[in-house]
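Read off the chains here:
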Amino acid sequence: MAFSIFRAHQAILQWRPCTLSTFGRTIHTFREVQPLRTFRKELRGSQKTVGFVPTMGALHEGHMSLVRQAAAENTDVFVSIYVNPTQFGVNEDLDSYPKTWQEDMDKLQTLNKELESDIGAGRITAVFAPTTKVMYPTLPPSSEISGSGSFVTVTPLGSLLEGASRPVFFRGVATVCMKLFNIVMPERVYFGQKDVQQTVVIRRMVKDFHLDTEVKIGPTEREADGLALSSRNVYLGARRREVGVVLSRTLKAAEKKYLQGKRLRADILWPANEVSTSKMMEQDDLPPSKRARIEVDYISLADPDTMEEVDVVDPSKGAILSGAIKMLPLEEPQEGEDCGLGGGVVPVRLIDNIILQPID
Ligand code: AMP
């Protein structure tokens, strides 16, 4: 008896290692698994539902829109903030990923206040910010393709497109999401359309492993000119930011053809290739002090379930138009120029997509 009282007392202490109060509902932050599980079980016991939004932090309006959606459909929203090392390749710079913990917590608190005025909406009640030792308790995580460890792989889906350019990426994403879902046991999980292949991989994983959660997808949040919001945009700076909008314009040009009734791959993709190629040539012709050069990784027209390339779009099924470009480092940053975080030397990969909706 004395032991269980001690355990219960300990659990209560661990439950709320850090709490941020927002008018009666509190955001609890957890760095360990067990206290989070205890809190989560308590919610289940009182018929509450959890909507879970996994993130890598550096929160922006894209993340916030997912949290809002989760709050509209659940009593409690859990957000994880964890920069997962296993989805970064050995040559990708994990350390330079932006980390803005205090700003992130402030944004979540502000959003919780906003939710106060929305009768019936849930609240953010937990932030899970584990260490890598907590997430990968047995072995240090490997970013090698042949690395050892307990991994979830979804193939061939995870090897296409983004996976072709970043071979360990979806293995890392699927693995960390499996861990997070097992820890949080959410009724619903929320992912952004912005990372479309990720949504297809996660849906497939949930289906194939019979995970007891519902996958919900929120729309891509964009800047006014169409650039998709991304935590990495802070590295662009003004010059690359202006040129980077070419990706969404490229995809829009292809979408227009589909909406005009074109179904053949060549008919849909040629205007897209024209937009990106002319922007590349325009920049190449400028002097190094003025230009922001780009490389196109891929422009894809793919099946919505398999992400395999299609030659003809089946209008009853629709398709996914997606693309990735690399904004190369600035060659000659100018005195006083806004070069973005990192001074313009970090190459920035931009991805975007448009769903070509089925047409009956
Ligand atoms: P990240 O922190 O980049 O791993 O993203 C966490 C979640 O936010 C993922 O489900 C992303 O797809 C989603 N997300 C990122 N950017 C956007 C955006 N611009 N609009 C909607 N969702 C987004």
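The following paragraphs examine the structure supplied in this document. No experiment lies behind these values; they were computed from the predicted model shown.

**Considerations on the overall build of the protein chain**
Across its full length, the protein chain carries 11 helices and 10 strands. Since a compact globule built from 360 residues should have a radius of gyration of about 21 Å, the 22 Å found for the protein chain is in line with a globular shape. Overall size of the protein chain, expressed as C-alpha extent along the three principal axes, is 75 × 55 × 50 Å. For the protein chain, the proportion of its 360 residues judged to be buried stands at 50%. Looking at the protein chain alone, contacts between residues at least 24 apart form 75% of all its contacts between residues at least 6 apart. In the form shown here, the protein chain has an accessible surface area of approximately 17,300 Å², with 54% of it arising from carbon and sulfur atoms. Looking at the protein chain, you have 43 positive and 46 negative side-chain charges, and the mean spots of the two groups are 5 Å apart.

**A closer look at the site of the ligand**
Neighbouring the ligand are 17 residues, the closest being Met56, His63, Asp195, Glu221 and Leu229. Within the side chain of Asp195, a nitrogen or oxygen atom sits 2.6 Å from an oxygen atom of the ligand. Starting from 490 Å² of accessible surface for the ligand in isolation, the protein chains cover 92%. If you list the elements that add at least two residues to the shell around the ligand, you get strand 3 (50–55), helix 3 (61–73) and strand 6 (188–192). In terms of residue count, helix 3 provides more of the shell around the ligand than any other element does, three residues in total. Residues of the shell around the ligand, tallied by class, amount to seven nonpolar, seven polar and three charged.

**Digging into the pattern of salt bridges**
Across all of its chains, the model carries 21 salt bridges by this definition. Between Asp303 and Lys317 there is a salt bridge, and its shortest N-O distance comes to 2.6 Å. Linking Asp303 in the loop between strand 8 (294–302) and strand 9 (319–327) with Lys317 in the loop between strand 8 and strand 9, this pair joins segments that are 14 residues apart in sequence. Of the residues examined, Asp303 reaches a relative accessible area of 12% and is grouped as buried. On the basis of relative accessible area, Lys317 is assigned to the partly exposed category, the value being 35%. By sharing partners, the salt bridges in this structure join Glu73, Arg188, Glu214 and Lys216 into a single network.

**What to know about the sheet that holds strand 9**
Spatially, 8-9-10 is the arrangement adopted by the three strands of the open sheet, whose pairing is antiparallel. Strands with a single pairing partner mark the edges of an open sheet, and in this sheet they are strand 8 and strand 10 (348–356). Ignoring which end each strand starts from, the neighbouring axes of this sheet average 10° apart. Along the sheet face, helix 9 (residues 237–244) touches strand 8, strand 9 and strand 10 and points at about 155° away from the line of strand 9. Packed on one face of the sheet, helix 10 (residues 246–259) meets strand 8, strand 9 and strand 10 and runs near 20° to strand 10.

**Things to note about helix 11 (residues 265–285)**
Between its first and last C-alpha atoms helix 11 spans 30 Å; for 21 residues at 1.5 Å apiece the expected length is 30 Å, and the two agree. For helix 11, the set of buried residues is Ile268, Leu269, Pro271, Ala272, Ser276 and Gln283. Contact partners of the buried residues in helix 11: helix 9, helix 10, strand 8 and strand 9.

**Here's the deal with the packing of aromatic side chains**
One pass over the structure, following the stated rule, counts six aromatic pairs. Here Phe52 and Phe181 contribute two aromatic rings whose centre-to-centre distance is 6.3 Å and whose plane-to-plane angle is 85°, an arrangement assigned as edge-to-face. Of this pair, Phe52 sits in strand 3 while Phe181 sits in helix 7 (residues 169–184), and the two are 129 residues apart along the sequence. As far as burial versus exposure is concerned, Phe52 and Phe181 are alike and both buried. With a centroid separation of 6.3 Å and an interplanar angle of 65°, the aromatic rings of Phe181 and Phe191 are classed as edge-to-face.

**Observations concerning the nonpolar core**
Of all hydrophobic cores here, the largest spans 44 residues; its most connected members are Phe78, Phe181, Ile202 and Met205. Put simply, the parts of the chain that give this core at least two residues each are helix 2 (33–45), strand 3, strand 5 (123–128), helix 5 (132–135), helix 7, strand 6, helix 8 (196–208) and strand 9. Here the element with the most residues in this core is helix 7; it accounts for 11 residues. If we ignore the near neighbours within four places in the chain, the residues touching Phe181 are Phe52, Pro54, Pro186, Val189, Phe191, Ile202, Met205, Val206, Leu211 and Thr213. By size, the runner-up hydrophobic cluster in this structure holds 19 residues, among which are Ala70, Ala71, Met105 and Ala121.

**Quick word on helix 4 (residues 101–116)**
Taking 1.5 Å per residue as the helical rise, helix 4 with its 16 residues ought to reach 22 Å, and the 23 Å between its terminal C-alpha atoms agrees with that figure. For helix 4, every residue scored as buried is listed here: Asp104, Met105, Leu108, Gln109, Leu111, Asn112 and Leu115. Down the axis of helix 4, the buried side of the element spans an arc of 160°, and every buried residue falls inside it.

**A look at the pairing of strand 5**
For a regular strand, the rule is simple: side chains alternate between the two faces of the sheet. In terms of burial, strand 5 is a largely internal element, six of the six residues being buried. In terms of strand pairing, strand 2 (residues 25–30) meets strand 5 through three bridges, oriented parallel. Paired with Thr29 across the strands is Val127, a residue of strand 5. As defined by bridge partners, strand 4 (residues 76–81) adjoins strand 5 across five bridges and the pair is classed as parallel. Residue Ser80 lies in a different strand from strand 5, and its bridge partner there is Phe128. In this region the chain leaves strand 4, passes through helix 4 and returns to the parallel neighbour strand 5; the handedness of that crossover is right-handed.

Conventions and cut-offs
Residues numbered from 1 in each chain as written. Predicted model: local features only at pLDDT ≥ 70, side-chain atom pairs only at ≥ 80, totals over all residues. Heavy atoms only, no water. Helix = DSSP H or I, 4+ residues; strand = E, 2+ residues; numbered from the N terminus. Rg over C-alpha atoms; globule rule 2.2 N^0.38 Å. Buried < 20%, exposed > 50% of the residue type's maximum accessible area, 1.4 Å probe, protein only. Contact = heavy atoms within 4.5 Å. Areas by Shrake-Rupley, 256 points an atom, 1.4 Å probe, with all protein chains shown as cover. Lys, Arg positive; Asp, Glu negative; His and termini not counted. Charge placed at Lys NZ, Arg CZ, Asp CG, Glu CD. Near = heavy atom within 4 Å. Polar contact = N/O pair within 3.5 Å; in protein donor to acceptor, adjacent residues only side chain to side chain. Nonpolar A, V, L, I, M, F, W, Y, C, P; charged D, E, K, R; others polar. Salt bridge = Lys/Arg side-chain N within 4 Å of Asp/Glu carboxyl O. Pairing = 2+ DSSP bridges. Axes fitted to C-alpha atoms, helices over the stretch in contact; angles between N-to-C directions. Expected span 1.5 Å × (residues − 1). Phe/Tyr/Trp six-rings, centres within 6.5 Å; stacked < 30°, edge-to-face > 60°. Core = buried A, V, L, I, M, F, W, Y, C linked by side-chain atoms within 4.5 Å. Arc of directions from axis to C-beta. Right-handed = clockwise from strand over helix to strand, strands pointing away.

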